[in-house]
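# Breakdown of the fold
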Amino acid sequence: MPSSDVDVVIVGGGAAGIAAARRLHHAKIRGLIVEARPRLGGRALTIIDGSGFALDLGCGWLHSADRNPWVEIATEQGASIDKGPPPWQRQGPAIGFPRPQQQEFYAALDQFHARLEKLAQGETDVPASAALEPGNRWNGLINALSTYISGAEWDRVSAQDFDRYADSSINWRVVEGLGTVVKRCGADLPAVRDCRVLAIDHRGKRLHIETTQGAIAADQVIVAIPTTLVAAEQIAFTPALAEKTEAAAGLPLGLDDKLFMSLDGADEFEKDVRVFGHTDRAATAAYHLRPFGRPLIEAYFGGPCAAALEAEGEGAFFDFAVSELVGVFGHDFARRVRPIRIHRWGLDPLALGSYSFALPGAVDDRAKLAAPVDNRLFFAGEACSTHDYSTAHGAWHTGVAAADQVIAARGDATVAPANR
Ligand SMILES: Cc1cc2nc3c(=O)[nH]c(=O)nc-3n(C[C@H](O)[C@H](O)[C@H](O)COP(=O)(O)OP(=O)(O)OC[C@H]3O[C@@H](n4cnc5c(N)ncnc54)[C@H](O)[C@@H]3O)c2cc1C
């Protein structure tokens, strides 16, 4: 343990924890990130494949890019931003999904969203599935989209919380990988890796933080770990924090996994287009062809479909993808694809899922989770964001907000406010 006595311990070195630590560092407050993994970044994770391509196994898109702090950070780092439109804003190939059907589907989707927006204005929160039109032939695919957006089908998703998400519809990417940017951003901050926080005792004057590498004393703690782990009480608080456990349980992590595959003869396709494996069901993957123009396919699996494949083993994702792609492009396609890498986020013990959604009725749990306790325990992480939840920029903002609360609680008037 490099330091057993600090001002502030930040539990979790993901995007939120890094943002908080950086803000405290600039404010000259002695913060220490305690991260259970051997690396910083959490659900931001870039790997380099055999061809030298940076592949984001976690977050990749700079959503709401026109107001996303990671854009400026990436630019400062000298990374390259790709501003081309994302596959879901381009017309997909007609093969397997003729244009008239695509038009019909997108019209049904627009109508669904309009009904959902209306439902969300109601007094009572309801499952977003209440906006599905009974018997509509596109309900399966509309549900598949929910598994990509929320990691769960609409029946589990709060209509009001979904409606609160703020999306500017500008989506960019980092050629070197968003995971690379997040990791680099934390590189110079005081941090101890491979060190799991087990317990936090907040009875005494100073906080007592029990870790796998020994104890640390601190004035304040920022807890920036996934809701799944808060709900499972993986950190034991003394006294217990029942309201946090309950709020976290209302904000589970949906499940989404990406499989990268190499693609022979990729030039046949336009770059950055999307095809669905099936258009008549929820249990289907979305295939992003030639991301950045590379000879690759990025397959996206969500919700119950991803959960079933995770349980079968890594190879099940590739087998499923091949069976769907052959259905769309014909038998010979199987010879053109090879698996590169998948990360099963649901089985990752330090994530247990991909990104948060709110259960019906749990729409206020984000604010409850984010609320400080006694001005000594602070909470951050994407799930604490009311409007930008489930994203890396939402995580960033919650980290900065928690650090600002710490600064205010310490009464240090010399610290200049930060815009990021
Ligand atoms: C497949 C996938 C695709 C995604 N796509 C996008 C996208 O395109 N755009 C986007 O903006 N977002 C995307 N996201 C979501 C984004 O990655 C997350 O919202 C964001 O990275 C969460 O950051 P965080 O700091 O809140 O949590 P995390 O990144 O999970 O960080 C929490 C950290 O806490 C650590 N930890 C846990 N328990 C302990 C403990 N007891 N002691 C110490 N450390 C602990 C963990 O190891 C982890 O490093 C995606 C996520 C996934 C999985």
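Quick note: structure is the one above.
The text that follows walks through the structure, step by step, so that each part is easy to find. On a predicted model such as this, the values are computed, not experimentally measured, just so you know.

### Thoughts on the side chain of Gln160
Residue position: Gln160 is located in helix H5 (residues 159-164). With residues near it in sequence (within four places) discarded, Gln160 still touches Ala120, Gly122, Glu123, Thr124, Asp125 and Val363.

### Some points on the environment of Val273
In this fold, Val273 is placed in strand S16 (residues 273-276). Taking the C-alpha atoms as reference points, Val273 and Leu359, 86 residues apart in sequence, are found 32 Å from one another. With near-sequence residues (within four places) excluded, Val273 lies in contact with Pro87, Gln91, Pro93, Tyr287, His288 and Leu289.

### Remarks on the state of the cysteines
Put plainly, a disulfide is one covalent bond tying together the sulfur atoms of two cysteines. Per the counting criterion, the structure on display carries zero disulfides. The thiol of Cys59 is not disulfide-bonded; the next cysteine sulfur, from Cys185, is found 12 Å away.

### Notes on the sheet that holds strand S7 (residues 172-174)
Read from one edge of the open sheet, three strands run S5-S7-S6, paired in antiparallel fashion. Among the strands making up the open sheet, the edge pair consists of strand S5 (61-62) and strand S6 (81-82). Note that S6 and S7 share two bridges and pair antiparallel. Note on S7: the bridge partner recorded for Asp82 is Arg173.

### Some words on the sheet that holds strand S21 (residues 377-379)
Sheet strands line up and pair through hydrogen bonds in the backbone, either parallel or antiparallel. Pairing within the open sheet is parallel, and its five strands lie in the order S8-S2-S1-S12-S21. Among the strands making up the open sheet, the edge pair consists of strand S8 (191-192) and S21.

### Quick word on the pairing of strand S9 (residues 197-201)
Note: S9 against strand S10 (residues 207-211), four bridges, orientation antiparallel. Bridged to Asp201 within S10 is His208. Hairpin connection from S9 to S10: five residues lie between these consecutive antiparallel strands. Pairing analysis gives three bridges linking S9 to strand S13 (residues 236-238), with the strands arranged parallel. Residue pairing in the sheet places Asp201 in a bridge with Thr238 of S13.

Basis of the calculations
Residues numbered from 1 in each chain as written. Predicted model: local features only at pLDDT ≥ 70, side-chain atom pairs only at ≥ 80, totals over all residues. Heavy atoms only, no water. Helix = DSSP H or I, 4+ residues; strand = E, 2+ residues; numbered from the N terminus. Contact = heavy atoms within 4.5 Å. Disulfide = S-S within 2.5 Å. Pairing = 2+ DSSP bridges.

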